[in-house]
Amino acid sequence: MMFGFDQKKDKVARAFSLLSIAIAIMLVTVAIVSFNGGISVGASNHFGQLPVVRRLLDPAYLPGDFSIELRLYHHRVYSYLIAGLTLVLGEDGALILLGIAGMGLLAISLWRLCSVAGITLPGYLAAGAALATNLLWMGRGLELNHFAGDAAIMPPTFAHAFVLLTLAEMIRERYLRAAFLAGLAALFHLQIGLICGAVLAPVYLYKARRLGLRGIAISALLFLLAAAPGLVDLAALLRSGLAGGSSGPYTPAFYIDFRHPHHFELISGVAALWVAGYLALQIFVWRRMKNEDARQMNSAGVFALVSTALGFYALLHFADYYLVRDDRLATIQFIRLSPLISVIGFLSLLLWAQARMKFSKYSVACFAIVLVAILWGTYQVRTEAREFNPGISRYAAKTSSWVRVCQWVKANGQVDAVYITPPGSNGFTSLSERSTIADFKNNPDGGRKMAEWFDRLKDLAGGRLPDGRGFDNRDLLNEAYDALTAEQLIGISRKYRAQFAVVSSKKELPFPVLYRNQRYQVVRINDEAR
């Protein structure tokens with residue numbers, strides 16, 4: 001009887017444990033979603049992704065559209081995933097599901113890594129809250145991107161989740177499985193996956209005697225197998241000019257400074273101090289835990305090794321970007337995965353605290369961290385440093401003048417027409433489902449069509465590109481666009497066969513006005529003028 005009672009008691013305890021884990025994962029998912037602006041549909045990087053998805057579903061969609069051609073291979077596997085889900089759920093439903101799935105997978109992956117590393121549930125909740133709010137720089141790195149990703153769900157969130165799962169298998173010394181998971185990270189985001197592979201490669205070489213040549217070969221094969229669709233798209237990009245160096249006067253260095261220096265330069269001295277501090281902390285914890293629990297010691301060792309490798313690659317990146325100025329090495333963007341250093345650095349701190357505190361005191365400390373994280377996140381929301389939104393926001397539902405003019409074009413504009421639009425304003429094609437000449441947001445992948453993209457922007461800016469850096473160029477491009485004369489608009493119209501233009505409502509032009517709101521008007525560049 002006692003044996004049966006014990007069995008029943010064990011089942012109840014296991015069920016309670018599983019329920020606790022599920023609730024914890026759900027809470028972390030909700031926190032990550034809420035403190036990162038909710039689930040956004042149609043904004044940010046969706047501006048370039050959605051027209052590509054529509055082209056995949058309908059090959060006749062906006063034929064000849066330049067921006068679609070630019071982004072056709074950008075995260076193409078992810079575009080196919082959206083397209084497939086769109087057939088079942090519709091476009092909005094697909095993006096909402098992916099938003100929930102991506103953040104949920106990240107929360108599950110963080111729990112898996114904590115569990116394998118020996119970090120208890122209170123520690124997982126503390127790590128999840130810190131990741132959601134970036135408490136103590138957790139989830140941030142040396143450049144602009146952060147580990148949880150943005151409200152407009154994109155491949156990095158999924159790739160980061162698979163990186164965490166890869167580390168969990170490395171701790172368990174399941175190297176074949178780790179290689180396959182790293183390949184899945186590359187499947188979603190080729191750059192992140194390849195950096196993950198570069199970080200793990202020395203480990204496989206170190207373990208060569210144990211794995212043998214056969215084991216290393218199988219590991220490489222599993223990585224390539226998982227990443228294969230992304231590698232096929234990379235090959236297509238290479239054939240179409242991805243690796244092309246300079247495009248006339250547009251060198252890689254010029255392109256980086258003009259379009260996205262925030263992906264290459266050190267975001268701040270504070271970032272460097274935090275990341276260096278986390279790296280030093282991991283080395284300290286690893287050295288101090290050599291006599292502790294074998295699993296925790298191994299976890300600390302893996303964390304320290306991975307972060308040291310990422311730190312080394314970051315130094316190579318900055319040496320090329322700031323000193324050598326060749327930019328071929330910097331183009332790999334090794335710092336893209338630098339947020340991982342703060343994530344596993346925080347986990348190392350939890351490991352060290354857990355090994356030295358009684359469970360009751362450790363649990364209280366973890367829940368105190370959760371409370372501080374919530375307070376920190378609330379403070380950021382109040383100071384408008386971040387947006388809190390536990391729900392769904394649709395960019396097309398906004399009431400801004402820009403969204404309204406795009407929606408008018410979608411409802412009333414000529415379907416097969418090309419529109420001249422402000423190059424620094426985002427999302428015209430995505431919102432209106434009409435072609436435009438070019439915009440700052442939809443940029444080329446490497447050298448592919450780079451010269452044409454710059455030439456189109458130059459035409460829209462009156463014949464001269466602005467000399468700002470990165471995001472500053474959006475406003476500078478629009479200022480130059482607003483200064484275009486009727487004659488210049490006619491010249492652009494003739495060159496690109498554009499029949500209509502979206503211009504400032506304050507601008508007086510000798511063209512028929514089809515629509516006007518507070519900030520914008522749509523004009524027809526009539527046949528007589530052309």
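Please refer to the structure placed before this passage.
Since the model is a prediction, treat every value here as computed from it, not as a measurement.

Visitor: Would you explain unusual backbone geometry in this entry?
Guide: Only a minority of non-glycine residues have a phi that is not negative, and only a minority of peptide bonds are not trans. With phi around 55°, Ser44 is a residue other than glycine that occupies positive phi space. Secondary-structure assignment places Ser44 in the loop between strand S1 (39-41) and helix H2 (46-57). The class for Ser44 is partly exposed, based on a relative accessible area of 28%. One non-glycine residue with positive phi stands out, namely Trp137, at about 65°. Take Trp137: it is sitting in the loop between helix H5 (121-133) and helix H6 (155-171).

Visitor: Which parts of the structure should I look at to understand the packing of aromatic side chains?
Guide: The relation between two aromatic rings is expressed through the spacing of the ring centres and the mutual angle of the planes. Evaluation of the coordinates by the stated rule reveals 29 aromatic pairs. Residues Phe47 and Tyr395 carry aromatic rings whose centres are separated by 5.0 Å and whose planes lie at 75° to one another, so their mutual orientation is edge-to-face. Here Tyr395 lies in the loop between strand S2 (392-394) and helix H15 (401-412) and Phe47 lies in helix H2, a separation of 348 residues in the sequence. The same class applies to Phe47 and to Tyr395, which are both buried. Between Trp402 and Phe428, the ring centres sit 6.2 Å apart and the planes meet at 50°, which makes this aromatic pair tilted. Here Trp402 is found in helix H15, whereas its partner Phe428 is found in helix H16 (residues 428-432), with 26 residues between them in sequence. According to the relative accessible area criterion, Trp402 is buried, its value standing at 8%. The buried category is assigned to Phe428, whose relative accessible area is 2%. An aromatic cluster of at least three residues, connected via ring pairs, comprises Tyr250, Phe254, Tyr255, Phe258, Phe440, Trp453 and Phe454. Here Arg140 stacks its cationic end above the ring of Trp137, 4.2 Å away from the centre of that ring. In this arrangement the basic side chain of Arg456 is found over the ring face of Phe66, its NZ or CZ atom lying 4.1 Å from the centre.

Visitor: Looking at this structure, how should I read the side chain of Arg71?
Guide: The topology assignment puts Arg71 in helix H3 (residues 66-71). Among all residues touching Arg71, those that are not within four sequence positions of it are Gly48, Val52, Asn442 and Asn443.

Visitor: In this structure, what is going on with the sheet that holds strand S3 (residues 418-420)? I would like to understand it.
Guide: Two orientations exist for strands paired in a sheet by backbone hydrogen bonds: parallel and antiparallel. Spatially, the five strands line up as an open sheet ordered S4-S3-S5-S7-S6, and their pairing is mixed. Edge positions in the sheet fall to strand S4 (435-436) and strand S6 (513-516), since each has one partner strand and no second. Two elements, S3 and strand S5 (residues 500-504), share two bridges in a ladder whose sense is parallel. Bridging from a neighbouring strand, Tyr419 pairs with Phe500 of S5. The strands touched by H15 within the sheet are S3, S5, S6 and strand S7 (520-524), with S7 carrying the most contacts at an inclination of about 30°.

Visitor: In this structure, what is going on with a nonpolar patch on the surface? I would like to understand it.
Guide: Together, Leu19, Ile23, Met26, Leu27 and Val30 make up a nonpolar patch on the protein surface, roughly 460 Å² of accessible area in all. Following the sequence through the fold, Leu27 ends up in helix H1 (residues 2-35). The exposure class of Leu27 is partly exposed, given its relative accessible area of 48%.

Visitor: Looking at this structure, how should I read empty space enclosed by the protein?
Guide: Rolled over the atoms, a probe with the dimensions of a water molecule shows which regions are left empty. The full count for this structure, using the stated rule, is three cavities of 30 Å³ or more. Reported here for the largest cavity is a volume of approximately 80 Å³.

Visitor: How should the pattern of salt bridges be read in this particular structure?
Guide: Between side chains of opposite charge, a pair can form when the charged atoms approach closely. Enumeration over the complete set of coordinates arrives at 14 salt bridges. A salt bridge links Arg112 to Glu169, with the shortest nitrogen-to-oxygen separation between them at 3.8 Å. Of this pair, Arg112 sits in helix H4 (residues 76-117) while Glu169 sits in helix H6, and the two are 57 residues apart along the sequence. Judged by relative accessible area, which is 25%, Arg112 ranks as partly exposed. For Glu169, a relative accessible area of 5% puts it in the buried group.

Visitor: Help me understand the pairing of S7 in this model?
Guide: Every other side chain in a regular strand lies on the same face of the sheet, so the side chains alternate between the two faces. Among the five residues that make up S7, four are buried, leaving the element largely enclosed by the rest of the structure. Sheet topology places S6 next to S7; three bridges connect them, and they run antiparallel. When the sheet's bridge partners are listed, Val513 is paired in S7 with Val523. Turn length for the S6-S7 hairpin, with the two strands adjacent in sequence and antiparallel, is three residues.

Visitor: In this structure, what is going on with the side chain of Ser338? I would like to understand it.
Guide: The topology assignment puts Ser338 in the loop between helix H12 (294-324) and helix H13 (339-356). Among the polar contacts listed, one links the side chain of Ser338 to the backbone nitrogen of Leu142, at a separation of 2.9 Å.

Visitor: Would you take a moment to explain the state of the cysteines for this structure?
Guide: Each disulfide is one covalent bond, formed between the sulfur atoms of two cysteines. Under the counting rule described, the total for this entry stands at zero disulfides. Left unpaired, Cys114 is separated from the closest cysteine sulfur, that of Cys366, by 9.7 Å. The exposure class of Cys114 is buried, given its relative accessible area of 1%.

Visitor: I would appreciate a short explanation of the layout of surface pockets in the present structure.
Guide: One number sums up the size of the second largest pocket: a volume of about 430 Å³. In terms of lining residues, the second largest pocket is bounded by 16 residues, among which Tyr206, Lys207, Gly301, Val302 and Leu305 are the most central. Secondary structure elements with two or more residues in the lining of the second largest pocket: helix H8 (190-206) and H12. With seven residues, H12 is the single largest residue contributor to the lining of the second largest pocket. Here the residues of the lining of the second largest pocket sort into 11 nonpolar, two polar and three charged.

What counts and how
Residues numbered from 1 in each chain as written. Predicted model: local features only at pLDDT ≥ 70, side-chain atom pairs only at ≥ 80, totals over all residues. Heavy atoms only, no water. Helix = DSSP H or I, 4+ residues; strand = E, 2+ residues; numbered from the N terminus. Buried < 20%, exposed > 50% of the residue type's maximum accessible area, 1.4 Å probe, protein only. Phe/Tyr/Trp six-rings, centres within 6.5 Å; stacked < 30°, edge-to-face > 60°. Lys NZ or Arg CZ within 6 Å of the ring centre and 35° of its normal. Contact = heavy atoms within 4.5 Å. Pairing = 2+ DSSP bridges. Axes fitted to C-alpha atoms, helices over the stretch in contact; angles between N-to-C directions. Patch = residues over 30% accessible without salt bridge, like charges linked within 9 Å, V, L, I, M, F, W, Y side chains within 5 Å. Areas by Shrake-Rupley, 256 points an atom, 1.4 Å probe, with all protein chains shown as cover. Salt bridge = Lys/Arg side-chain N within 4 Å of Asp/Glu carboxyl O. 1 Å grid on protein atoms, 1.4 Å probe; cavity = no way out; pocket = protein on both sides within 12 Å on 5 of 7 lines; lining within 4 Å. Points joined across faces, edges and corners; volume = space filled by probe spheres on them. Polar contact = N/O pair within 3.5 Å; in protein donor to acceptor, adjacent residues only side chain to side chain. Disulfide = S-S within 2.5 Å. Nonpolar A, V, L, I, M, F, W, Y, C, P; charged D, E, K, R; others polar.

This is a description of form; function is not addressed.
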